Amino acid sequence: MKNVDMDFEDVVKQRRSVRSYDTERQVSDEQLKKLFELVKLSPSSYNLQPWEFIVVKDVENKRRLKDCAQGQKHVEECSAAVIVIADTNPMSHADDIFEDRLKRGYYTAEQKERNLNKVRELAKKSFEERRVWAVRSTSLACMTLMLAAKDMGLSTCPMEGFDAGCVKKEFKIPDGYEIVMLITLGYEKNRPLPRLKRYGFDDFVHFEKYEKK
Ligand SMILES: Cc1cc2nc3c(=O)[nH]c(=O)nc-3n(C[C@H](O)[C@H](O)[C@H](O)COP(=O)(O)O)c2cc1C
């Protein structure tokens with residue numbers, strides 16, 4: 001399953017946004033399990049892991065998702081379309097995760113309480129601030145998913161072209177969750193055209209302070 005010929009650099013270089021999938025080949029539950037075991041190792045703010053994923057494999061459900069996603073056909077043709085959602089309540093896992101830190105000796109009881117208080121303060125902030133907080137960590141999990149998939153010989157496409165209200169309603173996503181993106185997953189049929197323009201090192205890397213390029 002793993003593409004033994006690819007080292008990390010190859011995985012990064014070979015990952016492309018794939019919009020053409022082999023509808024005859026499905027991603028197995030075992031592959032999904034392996035993929036999400038890697039996804040869960042992504043970093044997150046305080047290790048609070050605000051990400052959750054709805055894996056849509058059923059043909060009719062993928063069609064409903066496509067209808068919420070500007071009719072983009074790869075949503076229907078991929079083996080599994082993943083709805084990536086982020087819990088904007090920082091307290092959801094806080095007691096459990098901070099207790100784990102205490103048990104493992106990362107925190108003293110005093111540090112645990114101090115940091116828990118910081119998260120309690122975060123939880124009082126505006127929805128907009130909590131949304132940014134949750135999306136930061138969850139986006140990193142998305143990138144892990146895409147690179148891990150590539151390493152397993154699978155292709156993906158991240159997508160923001162969807163109607164969030166429609167996705168929420170159709171897939172029963174509760175209030176307080178932000179839909180971060182959709183990611184299609186499957187075996188590619190056609191390789192995408194060569195990569196589009198990428199800016200160079202000197203165009204986007206600054207040293208010490210921002211300087212207009
Ligand atoms: C946040 C985000 C949203 C995107 N939305 C869509 C989308 O709705 N539909 C789509 O086909 N591709 C979408 N893409 C894929 C981009 O078009 C693609 O990443 C970009 O053109 C670079 O190509 P590459 O991923 O093959 O390197 C999205 C990518 C990102 C990161």
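See above for the structure.
Residue positions within a chain follow its written sequence, with the count starting from 1. This being a predicted model, a pLDDT of at least 70 is required before a residue's local features are given, and a value of 80 or more before pairs of side-chain atoms are given or counted; all residues contribute to the totals for chains, interfaces and linings. Excluding hydrogens and water, the side-chain values take into account all heavy atoms of the structure.

### Observations regarding unusual backbone geometry
So, point 1. In the Ramachandran plot, Tyr46 falls in the positive-phi region, its phi being about 55° despite a non-glycine side chain.
So, point 2. For Gln70, which is not a glycine, the phi torsion comes out positive at approximately 55°.
So, point 3. Locating Gln70 in the fold gives a position in the loop between α3 (59-68) and α4 (74-77).
So, point 4. Think of it in three bands: with a 1.4 Å probe and only protein chains considered, a residue is buried below 20% of the maximum accessible area for its type, exposed above 50%, and partly exposed in between. The exposure class assigned to Gln70 is exposed, which follows from its relative accessible area of 64%. Each helix corresponds to a stretch of at least 4 residues labelled H or I by DSSP, and each strand to a stretch of at least 2 residues labelled E; elements are numbered beginning at the N terminus.

### Quick notes on the site of the ligand
So, point 1. Arg16, Ser17, Arg19, Gln72 and Arg195 are the nearest of the 14 residues found near the ligand.
So, point 2. As used in this structure description, the phrase polar contact means that two N or O atoms lie within 3.5 Å; if the pair is within protein, one of them must be able to donate a hydrogen and the other to accept it, and residues adjacent in sequence are counted only when both atoms belong to side chains. A distance of 2.8 Å is found between an oxygen atom of the ligand and a side-chain nitrogen or oxygen belonging to Arg16.
So, point 3. Here an oxygen atom of the ligand sits 2.6 Å away from a polar atom, N or O, in the side chain of Ser17.
So, point 4. Per-residue accessibility takes into account occlusion by the displayed protein chains alone, with areas from the Shrake-Rupley method and a 1.4 Å probe. Contact with the protein chains removes 70% of the 620 Å² of surface that the ligand exposes when unbound.
So, point 5. No other element matches strand β3 (residues 155-159), which puts three residues into the shell around the ligand. To be near a molecule or strand, a residue needs just one of its heavy atoms within 4 Å of it.

### Here we look at the pairing of strand β2 (residues 80-87)
So, point 1. Among the eight residues of β2, eight are classified as buried, and the element is accordingly described as predominantly covered.
So, point 2. Residues of β2 alternate between two faces, with Ala80, Val82, Val84 and Ala86 on one and Ala81, Ile83, Ile85 and Asp87 on the opposite face, all of them buried.
So, point 3. Examined bridge by bridge, strand β1 (residues 51-56) and β2 share six bridges and lie antiparallel to one another. Residue pairing for β2: Glu52 is matched across the bridge by Ile85.
So, point 4. Two strands pair under a simple rule: DSSP has to find at least two bridges between them. Relative to strand β4 (residues 177-186), β2 runs antiparallel, the two being bridged by eight bridges. Bridge pairing links Ala81 to Thr184 in β4.

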